[in-house]
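Summary of the model geometry
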Amino acid sequence: MSNFKFLNRVNENLFIIANEAEKLFKDGYFEQCIAQTRRLAENLCREVMGERAQSTDTFDDMLATLKDTPAQNDFEKEFIDDLYFLKKAGNEAVHSLTVKQDGNLALDCLQRAFEASINYAVFKKGADSNLLDKMFDEKLLATGRKGRKNSIKEEYERLEQEENDKKRSSVKKSSSKNKRNKKQKDFDDSDEDYENNKSFSGENEKPLWREILETIAAGLIIAVVYFLIFNK
């Protein structure tokens, strides 16, 4: 399996070059991989140029012609930018006096080559525009098996789902907090009602023994007063 499988349907020769670049990367030949992606970029450029490219034109000549082409859209600009990146990285890998074996740069080159190949397949060869949603699959590169996510659309859907989950979680926490506050308020209100109702239910009334004592005391006071007044 290859990230560039789609390329085989539009240009078998370009697919072979791209597939070889992936194999070099997997085997740890990073500088050779970078050089191979430069070769792919030059062939892509010549394919896009078509009859406008002379057999004697260099990669630089063809890139300059493409860059000077008026009315470029975003995809064309991206395509040219990717080709420039691959040319520069490839030239440095080929002409370097020391072996660097930069795996990160090699991976960047493969990803750039992948994007450039998609633009070529869609806008030059009329491939399905759904290809524009595809993402370079690093798991496929390393293991030959597709990763769980391999398209921009799927990635956007994942991010959107995560955002929705966060919102739902926030709403649940807010709802739970409101419920707790309401329960606490209801509990406080019930305590207040209980205290208020105690007076109505007679819980705050005087004990019976105290009422009896007060009645007896009142009777004695009346008796004493009566005695003092009517015994003169």
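Residues numbered from 1 in each chain as written. Predicted model: local features only at pLDDT ≥ 70, side-chain atom pairs only at ≥ 80, totals over all residues. Heavy atoms only, no water.

**Topic: the overall build of the protein**
The secondary structure content of the protein amounts to 9 helices and 0 strands. Evaluated residue by residue, the protein yields a buried proportion of 29% over its 232 residues. Excluding contacts between residues fewer than 6 apart, the proportion of contacts in the protein whose partners are at least 24 apart in sequence is 55%. Here the protein displays about 16000 Å² of accessible surface, and carbon together with sulfur accounts for 52% of that area. (Helix = DSSP H or I, 4+ residues; strand = E, 2+ residues; numbered from the N terminus. Buried < 20%, exposed > 50% of the residue type's maximum accessible area, 1.4 Å probe, protein only. Contact = heavy atoms within 4.5 Å. Areas by Shrake-Rupley, 256 points an atom, 1.4 Å probe, with all protein chains shown as cover.)

**A short note on the confidence of the model for the protein**
The predicted model of the protein averages 82 in pLDDT, with 75% of residues at 70 or higher. Long-range and interchain partners of residues 198-203, a stretch whose pLDDT sits below 50, account for 4 contacts in this model, where long-range means more than four residues apart. (pLDDT = per-residue confidence, 0-100.)

**Side note on the environment of alanine 127**
For alanine 127, the location among the structural elements is in the loop between helix H6 (103-123) and helix H7 (138-143). Each C-alpha atom, one on alanine 127 and one on leucine 7, is 9.4 Å from the other, the two residues being 120 residues apart in sequence. Setting aside anything within four residues of it in sequence, one finds alanine 127 in contact with Val10, Ala121 and Val122.

**Concerning the pattern of salt bridges**
Inspection of every chain in the model, using the stated rule, returns 4 salt bridges. Among the ionic pairs, lysine 87 bridges to aspartate 60, the shortest N-O distance being 3.0 Å. Within this pair, whereas lysine 87 is found in helix H5 (residues 74-95), its partner aspartate 60 is found in helix H4 (residues 59-67), the two being separated by 27 residues in sequence. Classification of lysine 87 by relative accessible area gives buried; the value is 12%. With a closest N to O distance of 3.0 Å, arginine 112 and aspartate 81 form a salt bridge. (Salt bridge = Lys/Arg side-chain N within 4 Å of Asp/Glu carboxyl O.)

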